[in-house]
Amino acid sequence: MMKEIARQLRAPLTPPVSGSFDARVMSAVRRLPRHSRFKLWSRLTTPRTVTFTPLSWGLLAASVALFAVIGAARAFDDIQVATKPMVTALFPKTAAPKPPQRVQFVLVAPDAKKVAVVGDFNGWDVDHAGYQAKHRGGGVWSVTAPVPLGHHRYSFVVDDSVWVADPTAPRVVDNDFGVANSTIVVQEQK
Amino acid sequence: MTLGVRVAVGLVCLARAVFAQGDSRLSARLDKPTLDAVTAIVDSARISKLPTAPLIDKALEGAARGVDGQNIVMAVHQLSIRMGSAKRALASNATPDEIKAAASALDVGVSVRDLARLRAVAGKQPVTVPLAVLTDLVGQKVPIPTATDLVLQFARSGVKDSDLALFQRNVRSDVDQGADPTVAATTRARGLVARGGPPPKPSE
């Protein structure tokens, strides 16, 4: 008996004949619902035919192009920042950053307790330490602060709440926020 | 959704996550929805080769003034549109400062055509200060055609930026003392162009 069982086990497997009992059992087994993890694995590993419509190809190409353009722009910025010291060393005259100019801001505000200057040059930060005006007496407040070369918009902030445009500077009516700012164009001293 | 569409959506999401602009000043002062919207506008401007600093400054200004997020986004969006128009009018080699000043001029009602005229008259000379003076004159109620003609005249005569700044201060002083803005501007301009030098100071 044991010899017969051993012989059967050693015998090579033969595929079940179509319509046989084994074939029907295997067919029923394949129809059973699979475990979700097995389904995912099977989906990932089983070769299959994938079709692309022109729309999907277009979207795919557009997204790859977008990815590449934004990446290139960022990479260019990063490269510029990274190579700036080297460029400065190699071409000191052409690449040296131009230093900011010291600009005096003056406001007459006799009743003010605090006056600050805010603008493009300090991120519109009311609490920026370098742009707090000092009372010079007689209601005159002033601060001399560094401002980078270029066109800037700015304003005074009195007592942390009242925004006042510089009466002596060109003004720009801001239709976005409905208030006026002053403008200053800082140029290199010759 | 086909596989291609899924991959495309995935790549866009990935690009957004990887390349999201991380200006720490913005993230410190804007709420998340406003920050996302402003960042998208800034990224779009960068791709269009527009200066992005003015957009960030506009958002920071709005936050400092306590403006709500929706209006900040609208303001930044409007500024990006104006800068695009300004860049087209001033030619592609316009500096960021010129674009910024031209955007302010557009905001007060100066036309794109007038910007292009100023660029044509000024040639390679920078137009940042003339644009700032033009914007200021219009803000002082000088009619746009008059203000534009004056600034074009200055550009043709090669008036220096320092003289333009003094002209602007003199006109403002005259207006503060009760003068009609148009009369003050045209009178001061006549003197500036005739002498070919700076006008006298207001106190004189």
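The text that follows walks through the structure, step by step, so that each part is easy to find. All figures in this text were calculated on a predicted structure; none of them were measured in a lab.

1. Points about the overall build of chain A
Part 1 of the argument: Of the regular secondary structure elements, chain A holds 5 helices and 8 strands.
Part 2 of the argument: For chain A, the α and β elements follow one another from N to C terminus as α-α-α-α-α-β-β-β-β-β-β-β-β.
Part 3 of the argument: Residues counted as buried form 29% of the 190 residues belonging to chain A.
Part 4 of the argument: Long-range pairs, those at least 24 residues apart, make up 60% of the contacts in chain A with a sequence separation of at least 6.
Part 5 of the argument: With the model as given, the accessible surface of chain A reaches about 13,100 Å², and the carbon-plus-sulfur share is 64%.

2. Notes on the pairing of strand 2 (residues 115-119) of chain A
Residue and element names in this part refer to chain A.
Part 1 of the argument: For strand 2, a buried count of 5 out of 5 residues is recorded, marking the element as mostly surrounded by other parts of the structure.
Part 2 of the argument: Residue alternation in strand 2 divides its side chains into two sets, Val 115, Val 117 and Gly 119 and Ala 116 and Val 118, and both sets are buried.
Part 3 of the argument: Two elements, strand 2 and strand 5 (residues 150-158), share 5 bridges in a ladder whose sense is antiparallel. Directly across from Val 115, in strand 5, lies its bridge partner Val 158.

3. Focus on the pattern of salt bridges
Part 1 of the argument: Counting across every chain of the model gives 17 salt bridges over all chains.
Part 2 of the argument: The salt bridge involving Lys 100 of chain B is made with Asp 120 of chain A; its shortest N-O contact spans 2.7 Å. Placement of the pair is Lys 100 of chain B in helix 6 (residues 96-107) and Asp 120 of chain A in the loop between strand 2 and strand 3 (134-137), with the two residues belonging to separate chains.
Part 3 of the argument: For Asp 120 of chain A, a relative accessible area of 8% gives the class buried.

4. Some points on the interface of chain B and chain A
Part 1 of the argument: Counting residues at the interface gives 48 residues for chain B and 44 residues for chain A.
Part 2 of the argument: Summed over both partners, the interface of chain B with chain A comes to about 3,800 Å²; 62% of that surface belongs to carbon and sulfur atoms.
Part 3 of the argument: For the interface between chain B and chain A, the tally reads 4 salt bridges.
Part 4 of the argument: Summed over the shared surface of chain B and chain A, the result is 13 residue pairs in polar contact (both at pLDDT 80 or more).

5. Considering helix 8 (residues 128-139) of chain B
Residue and element names in this part refer to chain B.
Part 1 of the argument: The end-to-end C-alpha distance of helix 8, which contains 12 residues, comes to 17 Å, matching closely the 16 Å that a straight helix rising 1.5 Å per residue would cover.
Part 2 of the argument: The buried fraction of helix 8 amounts to 11 of the 12 residues, a majority that puts the element mostly inside the structure.
Part 3 of the argument: Regarding helix 8, the residues found buried are Thr 128, Val 129, Pro 130, Leu 131, Ala 132, Val 133, Leu 134, Thr 135, Asp 136, Leu 137 and Val 138.
Part 4 of the argument: The first or second residue beyond helix 8 is Lys 141, which carries a positive phi of 80 degrees.

6. Focus: the sheet that holds strand 3 of chain A
Residues and elements named next belong to chain A.
Part 1 of the argument: Strand order in the open sheet made by the 3 strands is 1-4-3, with antiparallel pairing throughout. Taken across any chain shown, the strands that pair with only one partner, and hence form the sheet edges, are strand 1 (101-108) and strand 3. Recorded for the sheet is a direction-independent mean angle of 35 degrees between the axes of neighbouring strands.
Part 2 of the argument: Across 8 bridges, strand 1 lies against strand 4 (residues 140-147) in antiparallel orientation. Bridge pairing in strand 4 links Leu 107 to Trp 141.

7. What to know about the environment of Asp 174 of chain B
Residues and elements named next belong to chain B.
Part 1 of the argument: With respect to the helices and strands, Asp 174 occurs in helix 10 (residues 161-176).
Part 2 of the argument: For Asp 174, a relative accessible area of 16% gives the class buried.
Part 3 of the argument: Taking the C-alpha atoms as reference, Asp 174 lies 9.5 Å from Arg 188; in sequence the two are 14 residues apart.
Part 4 of the argument: Those residues within four positions of Asp 174 in sequence are excluded, and the remaining contacts are Ala 179, Ala 184 and Arg 188.

8. A look at the nonpolar core
Part 1 of the argument: Residues Leu 26, Val 38, Leu 115, Leu 131, Leu 137, Phe 154 and Phe 167 of chain B are the most contacted members of the largest nonpolar core, which totals 56 residues.
Part 2 of the argument: In this structure, Val 103, Ala 145, Phe 156 and Ala 169 of chain A belong to the second largest nonpolar core, which totals 20 residues.

9. Let's talk about the packing of helix 4 (residues 53-64) of chain B against helix 5 (residues 69-90) of chain B
Residue and element names in this part refer to chain B.
Part 1 of the argument: Relative to each other, helix 4 and helix 5 sit at 155 degrees, their axes nearing to 9 Å. Here helix 4 is positioned roughly antiparallel relative to helix 5, judged by the angle of their axes. Considering how the two elements wind past one another, helix 4 and helix 5 form a crossing that is right-handed. Contacts from Pro 54, Leu 55, Lys 58, Ala 59, Gly 62 and Ala 63 in helix 4 reach Ile 72, Ala 75, Val 76, Leu 79, Ser 80 and Met 83 in helix 5.
Part 2 of the argument: When the residues that make up the contact of helix 4 with helix 5 are grouped by side-chain class, the tally is 9 nonpolar, 2 polar and 1 charged.

10. Focus: the packing of aromatic side chains
The relation between two aromatic rings is expressed through the spacing of the ring centres and the mutual angle of the planes.
Residues and elements named next belong to chain A.
Part 1 of the argument: All told, the structure shown has 7 aromatic pairs over all chains when counted by the stated rule.
Part 2 of the argument: Between Trp 124 and Trp 163, the ring centres sit 6.2 Å apart and the planes meet at 25 degrees, which makes this aromatic pair stacked. Of this pair, Trp 124 sits in the loop between strand 2 and strand 3 while Trp 163 is found in strand 6 (residues 162-164), placing the two residues 39 residues apart along the sequence.
Part 3 of the argument: Since its relative accessible area comes to 1%, Trp 124 is described here as buried.
Part 4 of the argument: Each residue in the set Phe 105, Phe 121, Tyr 131, Tyr 154 and Phe 156 is aromatic and connected to the rest through ring pairs, giving one cluster.

Conventions adopted
Residues numbered from 1 in each chain as written. Chains lettered and ligands numbered in written order. Predicted model: local features only at pLDDT ≥ 70, side-chain atom pairs only at ≥ 80, totals over all residues. Heavy atoms only, no water. Helix = DSSP H or I, 4+ residues; strand = E, 2+ residues; numbered from the N terminus. Buried < 20%, exposed > 50% of the residue type's maximum accessible area, 1.4 Å probe, protein only. Contact = heavy atoms within 4.5 Å. Areas by Shrake-Rupley, 256 points an atom, 1.4 Å probe, with all protein chains shown as cover. Pairing = 2+ DSSP bridges. Salt bridge = Lys/Arg side-chain N within 4 Å of Asp/Glu carboxyl O. Buried area = accessible area lost by both parts, 1.4 Å probe. Polar contact = N/O pair within 3.5 Å; in protein donor to acceptor, adjacent residues only side chain to side chain. Expected span 1.5 Å × (residues − 1). Axes fitted to C-alpha atoms, helices over the stretch in contact; angles between N-to-C directions. Core = buried A, V, L, I, M, F, W, Y, C linked by side-chain atoms within 4.5 Å. Parallel < 35°, antiparallel > 145°, perpendicular 65-115°, else oblique. Left-handed = near helix turned anticlockwise from the far one by under 90°. Nonpolar A, V, L, I, M, F, W, Y, C, P; charged D, E, K, R; others polar. Phe/Tyr/Trp six-rings, centres within 6.5 Å; stacked < 30°, edge-to-face > 60°.

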